[in-house]
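For reference, the chains in residue letters:
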Amino acid sequence: MRDRNSGNIVILTGAGISKESGIETFRDKDGLWTKVNVEDVATPEGFARNPRMVLDFYNQRRRNLRSHNIRPNAAHTALARLEREWRGGEVLLVTQNIDNLHEAGGSRNLIHMHGEMFKARCELCAGVHLWQEDLALESECPSCQSSGGMRPHVVWFGEMPFEMDRISDALGRCRLFISVGTSGNVYPAAGFVEEAIFRARAHTVELNLEPSEGATYFAEQHYGPATEVVPRYVDKLLAQGW
Ligand code: BV8
């Protein structure tokens, strides 16, 4: 009988975990992708065609994120508590989200596989910089002082997500894989559950508002708002394992 109180944990989160903090998701009925054409604002081709439109798309989301009423919710803080209190091994949080609510909620062992809203990258010198203000075509790169090369440090469709080697290594060594607030539409993230099963024989848990595209891969599922199901699941995990 495998010890259900020890082993490494990998957690994958998506836009659903930030919904109750006031950040819209992508594919829900009022989601982001229902308001803009994803090819125009979240692909390198779209940026090449109309960089000002893409920069404005991210400037609007960055301004919204900076407004004072966007705060981490009980789901973010519960995952940070799990990272602090789990004695059975490493807890790695991989997020598809580009907001900063996991850090604000206390998570430290964190990978932003799709990049970060508050960072900008220079295409000319590859410098990555913290960036709170609007990004413009004329914005100057703090490291090479050139302008015209700055872009949001986010992963668009067709671009390689960040830290895939580190994520793959963690998936191969985990005993528990938890997915929170993601529709399971976007790869390679949507394939992590299969990797955890077939490479590590991990126990898999989906915590979501409703069944995702990959729901059948999960051995355990709890549906409801993240601020309810995530703290409840973390309490159970810390008290009695999985
Ligand atoms: C790549 C940018 C490879 C930042 C985003 C197979 C294998 C590999 C790739 C592919 C493949 N098939 C297709 C591809 C290509 C593509 C892809 O997956 N396309 C899909 C649409 C079919 N993937 C890529 O292009 C990726 N790159 O694979 O590169 C490569 C190889 C060689 C060389 C070069 C490259 C890159 C993907 C990243 C794209 N960037 N965003 C930004 O602007 O934010 S994607 C976007 O979708 C966000 O990052 C978002 O995080 C991500 C996933 O969405 P979700 O987070 O799941 O959000 P969604 O709205 O869909 O769902 C919300 C969920 O929450 C729902 O289930 C809902 O029920 C739930 N919910 C709602 N409210 C609550 C809740 N849950 C709990 N509580 C609530 N209150």
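What counts and what doesn't
Residues numbered from 1 in each chain as written. Predicted model: local features only at pLDDT ≥ 70, side-chain atom pairs only at ≥ 80, totals over all residues. Heavy atoms only, no water. Helix = DSSP H or I, 4+ residues; strand = E, 2+ residues; numbered from the N terminus. Buried < 20%, exposed > 50% of the residue type's maximum accessible area, 1.4 Å probe, protein only. Contact = heavy atoms within 4.5 Å. Pairing = 2+ DSSP bridges. Axes fitted to C-alpha atoms, helices over the stretch in contact; angles between N-to-C directions. Arc of directions from axis to C-beta. Phe/Tyr/Trp six-rings, centres within 6.5 Å; stacked < 30°, edge-to-face > 60°. Core = buried A, V, L, I, M, F, W, Y, C linked by side-chain atoms within 4.5 Å.

Engineer: Which parts of the structure should I look at to understand the overall build of the protein chain?
Structural biologist: Of regular secondary structure, the protein chain possesses eight helices and nine strands. In terms of overall dimensions, the protein chain has C-alpha extents of about 60 × 35 × 30 Å along its principal axes. Taken across its 242 residues, the protein chain has 52% of its residues classed as buried. In the protein chain, 64% of the contacts between residues at least 6 apart in sequence involve partners at least 24 apart.

Engineer: Would you take a moment to explain the sheet that holds strand β5 (residues 128-130) for this structure?
Structural biologist: Through backbone hydrogen bonds, the strands of a sheet pair up, either in parallel or in antiparallel fashion. Across the sheet, which stays open at both edges, the three strands sit in the order β5-β4-β6 with antiparallel pairing between neighbours. A single partner strand is all that each edge strand has here, and the edge strands are β5 and β6 (150-154). Taking each pair of neighbouring strands and ignoring which way they run, the sheet shows an average axis angle of 45°. By the bridge criterion, three bridges tie strand β4 (residues 115-122) to β5 in an arrangement that is antiparallel.

Engineer: Sorry if this is basic, but what is going on with the side chain of Thr95 here?
Structural biologist: Here Thr95 lies in strand β2 (residues 91-95). Sequence-distant contacts of Thr95, defined by excluding residues within four places in its chain, comprise Thr13, His102, Leu110, Ile111, His112, Met113 and His114.

Engineer: What should I look at first to understand helix α6 (residues 164-172) in this one?
Structural biologist: Note that an α-helix has 3.6 residues per turn; residues three or four places apart therefore point the same way. Every buried residue of α6 is accounted for by Ile167, Ala170 and Leu171. The arc that holds every buried residue of α6, seen down its axis, measures 100°, which confines them to one face. Contacts made by the buried residues of α6 are with β1 (8-13), β2, β3 (110-112), β7 (174-180) and α7 (192-200).

Engineer: What's the story with the sheet that holds β3 in this structure? I'm lost.
Structural biologist: Strand order in this open sheet of six strands is β3-β2-β1-β7-β8-β9, and the pairing throughout is parallel. Lying at the two open borders of the sheet, with one neighbouring strand each, are β3 and β9 (220-223). For this sheet the average axis-to-axis angle between neighbouring strands, irrespective of direction, equals 15°. With six bridges connecting them, β1 and β7 associate as parallel partners. What sits directly across from Asn8, in β7, is Cys174. In the packing of helix α4 (residues 74-85) onto the sheet, the strands contacted are β1, β2 and β7, and the crossing angle to β1 comes to about 165°.

Engineer: Please explain the packing of aromatic side chains as it appears in this structure.
Structural biologist: Two measures describe an aromatic ring pair: the distance that separates the ring centres and the angle between the ring planes. Following the criterion strictly, the structure yields seven aromatic pairs and no others. Through a chain of ring-to-ring contacts, the aromatic side chains of Phe26, Trp33, Phe47, Phe57, Tyr58 and Trp156 assemble into a single cluster.

Engineer: Hey, could you run me through the nonpolar core in this one?
Structural biologist: The nonpolar side chains of a soluble globular protein tend to be buried, and buried together. Trp33, Tyr58, Met150 and Trp156 are the most contacted members of the largest nonpolar core, which totals 25 residues. Breaking this core down by element, the ones donating at least two residues are α1 (38-41), α3 (51-66), β4 and β6. Per-element accounting of this core gives the leading share, five residues, to α3. Formed by 23 residues, the second largest nonpolar core is a distinct cluster that contains Ile17, Val91, Ile178 and Val234.

In short, geometric facts, not functional conclusions.
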